[in-house]
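Tertiary structure, described
Take a look at the letters that make up each chain.
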Amino acid sequence: MNKVKWLADNEKSVLVNNFEKRGWVRGTSDDEDWNFFWTSVHTTRCIFNLDSGIRLNDDQIINHFPNHYELTRKDLLVKNIKRYRKELEKENSPLMEKDDNCRYIHMDFIPVTYILPADYNIFVEEFRKNPTSTWIMKPNAKARGIGIFLINKLSQLKKWSRDSRQLGHNPKDTYVISRYIDNPHLIGGKKYDLRMYVLVTSYRPLKAYIYKLGFCRFCTVKYNSSISELDNMFVHLTNVSIQKHGVDYNDKHGGKWNINNLKMYLEHTHSKEVTDRLFDEINWIIVHSLKAVQGVMASDKHCFECYGYDVIIDNNLKPWLIEVNASPSLTSTTSSDRIMKYKLIDDVLKIVCPNGEIPDPRWNKIPPKNSYGNFELLIDEELAAQDSLQNDVRNNRAVSGKANRSRAPQQWK
């Protein structure tokens, strides 16, 4: 049997060890002699660029969809969710029900967000309605907390705009500005967020899995919403790339809890029912964020993607989607982190390359349940359609059987 040939732009040990464990061998990029390519988003752009002349074969798969940025760019995520809501409203979907304050009951899962500079005037109008509110600015095309800051005055935004021009920043750079979740759920007085891993193997039909071994990232400094602490990123941003520079950073646990520890804590402080409902709501958010981009995503059969979802829980135990990462970090900060990420890649490969064999993008992408590992099926529209069809058949047989039984006495006559 031919061995799978792999390539990776970023040869992290959690990747290479998993490839070697399966007996895979290194391929070559010069003559496109590879079957499995763990690419960067830049390489993905090059592969799917029409000018590249590259055409993927039926034994090649890569780990990004061509236009993954529809979900993972902060501005496009917001645009696509807003468009999705409008489409549901046109359909008079019950999902678009609103409360007495005209807020969505079911589809209110991203903070109020505007895109700058395009939405500046609309943002100013919204800000003046709540002049004491705090907002968070994020550059669209950056990660790891780079370029993020908080404001609570319009003058701060104007000063930033002025300084940016003076420093020669690209005027085409866009930002999103979102209402800051200033009432986060705290543990030990500290703010945290959740990193959830979601594997998508197809967008049409939608097939997605959620990983059970995600984790929480904690700030190193206790939360304080006072104006004097607005510039203290050790209070407000959970990114490890920022927190690891803090005086109170603990490199033994890396400021992380696994998801199961969080669930046990919430079950103890609230209840199992409340905790289960919270994680059901998180699953709901993930599914509808994927449906929001389903129509615009190029669902290439050669592609799969493992996203890093960042979710914040407020003190009412309401989850909020903050952003989605196309290339969640595979760098390990602790031994437990390294073990978890090794298992993550192992379980991804079990689903996208069953039995470690040369991939065949033409298969129906319905792996056996025993290959899920630590993943759980989140949604599979193809399986749901099959179940619906089987239920219809069973119901028709039941109705037909009743009709035959009711006619039987007349036939006997």
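Residues numbered from 1 in each chain as written. Predicted model: local features only at pLDDT ≥ 70, side-chain atom pairs only at ≥ 80, totals over all residues. Heavy atoms only, no water.

1. Notes on helix H11 (residues 335-352)
Selection criterion: Secondary structure follows DSSP: runs of H or I at least 4 residues long count as helices, runs of E at least 2 residues long count as strands, and numbering of each begins at the N terminus. To estimate how far a helix should extend, the number of its residues minus one is multiplied by 1.5 Å. Buried residues are those whose accessible area, probed at 1.4 Å on protein chains only, stays under 20% of the maximum for their type, while exposed residues exceed 50% and partly exposed ones sit between those limits.
In this model, H11 (18 residues) spans 26 Å end to end at C-alpha, consistent with the 26 Å of a helix rising 1.5 Å per residue. Regarding H11, the residues found buried are Asp337, Met340, Lys341, Leu344, Ile345, Asp346, Asp347, Val348, Leu349, Ile351 and Val352.

2. Remarks on the pattern of salt bridges
We apply this condition: Salt bridges, as used here, are contacts in which a Lys or Arg side-chain nitrogen is within 4 Å of a carboxyl oxygen on Asp or Glu.
The final tally for this structure, using the stated rule, is 23 salt bridges. Of the charged contacts, one joins arginine 195 and aspartate 310 as a salt bridge, the two residues approaching to 2.7 Å between their closest N and O atoms. You can see arginine 195 sitting in strand S10 (residues 190-203) and its partner aspartate 310 sitting in strand S14 (residues 305-313), a full 115 residues away along the chain. One exposure class covers both arginine 195 and aspartate 310, and it is buried. Across the pair lysine 350 and aspartate 347 runs a salt bridge, and its minimum N-O distance is 3.5 Å. Within this pair, lysine 350 and its partner aspartate 347 are both found in helix H11, separated by three residues, close to a single helical turn.

3. Remarks on the side chain of glutamine 60
To keep it simple, the criterion reads: Think of a polar contact as two N or O atoms within 3.5 Å of one another; within protein, one of them needs to be a possible hydrogen donor and the other a possible acceptor, and neighboring residues in sequence only count if both atoms come from side chains. Between two residues, a contact is recorded if the distance between any of their heavy atoms is within 4.5 Å.
Position of glutamine 60 relative to the elements: it lies in the loop between helix H2 (41-47) and strand S4 (61-62). Glutamine 60 sits in the buried class, given a relative accessible area of 2%. Within the local environment of glutamine 60, its side chain forms a polar contact with the backbone oxygen of glutamate 32, the two atoms lying 3.2 Å apart. Apart from the residues lying within four places of it in its own chain, the contact partners of glutamine 60 are Glu32, Trp34, Asn35, Arg55, His302 and Pro361.

4. Quick word on helix H4 (residues 74-90)
With 17 residues, H4 extends 25 Å from end C-alpha to end C-alpha; this agrees with the ideal 24 Å at 1.5 Å per step. Buried within H4 we find Lys74, Asp75, Leu76, Leu77, Val78, Asn80, Ile81, Tyr84, Arg85 and Leu88. Packing partners of the buried residues in H4 comprise helix H3 (69-72), strand S5 (113-116), strand S6 (135-139), strand S8 (175-179), helix H10 (272-294) and strand S15 (319-325). After H4 finishes, the residue asparagine 92 shows a positive phi value of roughly 55°.

5. Let's talk about the environment of valine 112
Its place among the elements puts valine 112 in the loop between H4 and S5. The partly exposed category is assigned to valine 112, whose relative accessible area is 36%. For the pair valine 112 and aspartate 380, spaced 268 residues apart in the sequence, the C-alpha separation amounts to 30 Å. When near neighbours in sequence (up to four residues on either side) are disregarded, valine 112 contacts Trp135, Ile177, Ser178 and Arg179.

6. As for unusual backbone geometry
Residue proline 117 follows leucine 116 across a cis peptide bond; omega there is 10°. Positionally, proline 117 belongs in the loop between S5 and helix H5 (120-129). In this chain, arginine 204 is followed by proline 205 through a cis amide linkage whose omega measures 0°. Turning to its location among the elements, proline 205 is positioned in the loop between S10 and strand S11 (206-211). With a phi angle near 60°, leucine 317 is a residue other than glycine that sits in the positive phi range. For leucine 317, the position within the fold is in the loop between S14 and S15. A residue is classified by how much of its surface remains accessible, and leucine 317, at 12% relative accessible area, is buried.

7. Quick word on the packing of aromatic side chains
Let me state the cut-off plainly: Side-chain rings of Phe, Tyr and Trp, where Trp is taken by its six-membered ring, are said to pair if the distance between their centres is within 6.5 Å; with planes under 30 degrees apart they count as stacked, over 60 as edge-to-face, and otherwise as tilted. We call a charge positioned over a ring when the NZ of a Lys or the CZ of an Arg lies within 6 Å of the ring centre and within 35 degrees of the ring normal.
Evaluation of the coordinates by the stated rule reveals 20 aromatic pairs. For the pair tryptophan 24 and phenylalanine 36, a centre-to-centre distance of 5.4 Å together with 50° between the ring planes defines the contact as tilted. Of the two residues, tryptophan 24 is situated in the loop between helix H1 (13-21) and strand S2 (25-26) and phenylalanine 36 in strand S3 (residues 36-38); the sequence distance between them amounts to twelve residues. An identical accessibility class is assigned to tryptophan 24 and phenylalanine 36; each is buried. Each member of the aromatic cluster is reached from another via a ring pair, and the members are Trp6, Phe19, Trp24, Phe36, Trp38 and Phe304. In this structure, lysine 256 packs its charged tip against the face of phenylalanine 215, placed 4.4 Å from the ring centre. Sitting above the plane of the tryptophan 320 ring, lysine 318 keeps its charged end 4.7 Å from the centroid.

8. Details of the state of the cysteines
A disulfide bridge is the covalent bond that connects two cysteines by way of their sulfur atoms. The cut-off we apply is this: Disulfides are defined as pairs of cysteine sulfur atoms found within 2.5 Å of each other.
Following the criterion strictly, the structure yields zero disulfides and no others. Between cysteine 306, a cysteine without a disulfide, and cysteine 353, which holds the nearest cysteine sulfur, the sulfur-to-sulfur distance is 14 Å. Its relative accessible area of 8% is what places cysteine 306 among the buried residues.

9. Regarding the nonpolar core
Going by this rule: Side-chain atoms within 4.5 Å link the members of a nonpolar core, which is a set of buried Ala, Val, Leu, Ile, Met, Phe, Trp, Tyr and Cys residues.
By size, the foremost hydrophobic cluster in this structure holds 52 residues, and its most contacted members are Leu71, Leu194, Tyr203, Leu290 and Tyr309. The element contributing the most residues to this core is H10, with nine residues. Residues contacting leucine 194, with those up to four places away along its chain left out, are Phe215, Cys216, Ile259, Leu262, Phe279, Ile282, Tyr309, Asp310, Val311 and Ile313. Grouped together as the second largest cluster of nonpolar side chains are 29 residues, Phe19, Tyr197, Cys306 and Leu349 included.

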